[in-house]
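# Commentary on secondary and tertiary structure
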Amino acid sequence: MKRAAVFLALALFLLLVVQPNLHTKPAQPAVRVPEYTETVKTNDDVQSRTSESKSVIVIDPGRGGSDVGYNAPGKLAEKDLAMSLAISIGDALEKAGYEVYYTRWYDDIGSFGSETESDMFRLEEASSQNANYLLALRFNTDANTLQKGFSIFTQPNNDQLDALSKQLAAQIQSTNYSQYLGLDNDHYSNFGILSSKEMPAVLIQMGFLTNSDDYDKLSDSAFQTKLANAISQAFLDSIN
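What counts, and at which threshold
Residues numbered from 1 in each chain as written. Predicted model: local features only at pLDDT ≥ 70, side-chain atom pairs only at ≥ 80, totals over all residues. Heavy atoms only, no water. Core = buried A, V, L, I, M, F, W, Y, C linked by side-chain atoms within 4.5 Å. Buried < 20%, exposed > 50% of the residue type's maximum accessible area, 1.4 Å probe, protein only. Helix = DSSP H or I, 4+ residues; strand = E, 2+ residues; numbered from the N terminus. Contact = heavy atoms within 4.5 Å. Salt bridge = Lys/Arg side-chain N within 4 Å of Asp/Glu carboxyl O. Phe/Tyr/Trp six-rings, centres within 6.5 Å; stacked < 30°, edge-to-face > 60°. Lys NZ or Arg CZ within 6 Å of the ring centre and 35° of its normal. Pairing = 2+ DSSP bridges. Right-handed = clockwise from strand over helix to strand, strands pointing away.

## Remarks on the nonpolar core
Counting residues in each nonpolar core, the largest one holds 41 residues, and the members touching the most others are I59, I89, Y98, L168, I204, L218 and F235. A total of nine residues in this core trace back to one element, the largest contributor, which is helix 2 (residues 78-95). In contact with Y98, other than residues within four places in its own chain, are S51, S53, S55, I57, L93, F235, L236, I239 and N240. In this structure, V58, A131, L134 and A201 belong to the second largest nonpolar core, which totals 13 residues.

## Here's the deal with the pattern of salt bridges
Enumeration over the complete set of coordinates arrives at eight salt bridges. K79 serves as the salt-bridge partner of D107, at 3.2 Å between the closest nitrogen and oxygen. One end of the pair, D107, is in the loop between strand 2 (99-102) and helix 3 (115-128); the other, K79, is in helix 2, and 28 residues separate them in sequence. We classify D107 as partly exposed; its relative accessible area is 41%.

## Regarding the environment of E115
Counting through the fold element by element, E115 comes out in helix 3. E115 gets classed as exposed once you look at its relative accessible area, which sits at 61%. Considering only alpha carbons, one finds E115 and R63, 52 residues apart in sequence, at a separation of 9.3 Å.

## Observations concerning the packing of aromatic side chains
We describe a pair of aromatic rings using the distance from one ring centre to the other and the angle between the two ring planes. The full count for this structure, using the stated rule, is nine aromatic pairs. Taken together, a centroid distance of 4.7 Å and an interplanar angle of 50 degrees make the contact between F153 and F191 tilted. Here the residue F153 occupies a position in strand 4 (residues 150-154), and F191 occupies one in the loop between strand 5 (180-184) and strand 6 (201-208), the gap between them amounting to 38 residues. Assigned by exposure class, F153 and F191 land together as buried. Every member of this aromatic cluster is reached through a ring pair, and the members are F150, Y177, Y180 and F223. The residue whose ring lies beneath K75 is Y215, and the NZ or CZ to ring-centre distance is 4.7 Å.

## Focus: the pairing of strand 1 (residues 56-61)
The element strand 1 is extensively covered by neighbouring structure, given that six of its six residues are classed as buried. With burial as the criterion, each face of strand 1 is covered, one bearing V56, V58 and D60 and the other bearing I57, I59 and P61. Bridge analysis of strand 1 against strand 2 gives four bridges, and the strand direction is parallel. Counted as the bridge partner of V56 is E99 from strand 2. Note on the crossover from strand 1 through helix 2 to strand 2: the handedness is right-handed. Here strand 1 runs beside strand 3 (residues 133-140); their pairing, made up of five bridges, is parallel. The residue of strand 3 that forms the bridge with P61 is L137.

Right under this line is the structure:
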């Protein structure tokens, strides 16, 4: 009788205590789900800035026609590199809302007896397009192939051109392109393209074609686009 009572107590224990615990799931650790307090921005949400002034910008690619410029074996001739870079910059400026023209279109330019004569023609072309700004693109060469970098020249006593030039320098530097050799508005008279008081102008000597690092970046279409966007941003930040 006592044995029966023991078995009955054991059965009740198994039924009421042990068996329910066999089906109980272990407690799960709390999982922290990140909560966003603001809308996550995507590329589709970003709107590009556009110019309010709608200024007319004339781009002057150096050389052209019979004036080939620096022309090393296996490399783009200077005149072709200048045109390619000018088009990239022009495309970026047009996307930003500016009106863009060129002083030459590939080899659609005459032959000139001197650089001064060529510059006077280019100034007349810019004037005929009612340009608000003239952006001249030039390159350097040097017997020392380690010499590299870009520099900017502009006219003196013009706060807006100074602001534009400084923005051009900052934006081009932000692309990690070469070295910045400085801004010069004291020796503008050395460049015929900067000689007109009626034509606000900036000249960028884009780099040394004799330096492999400068040339490789300047001739790379993807990096040209990067430089073009930087230059367009400089215009937006300074003259809008």
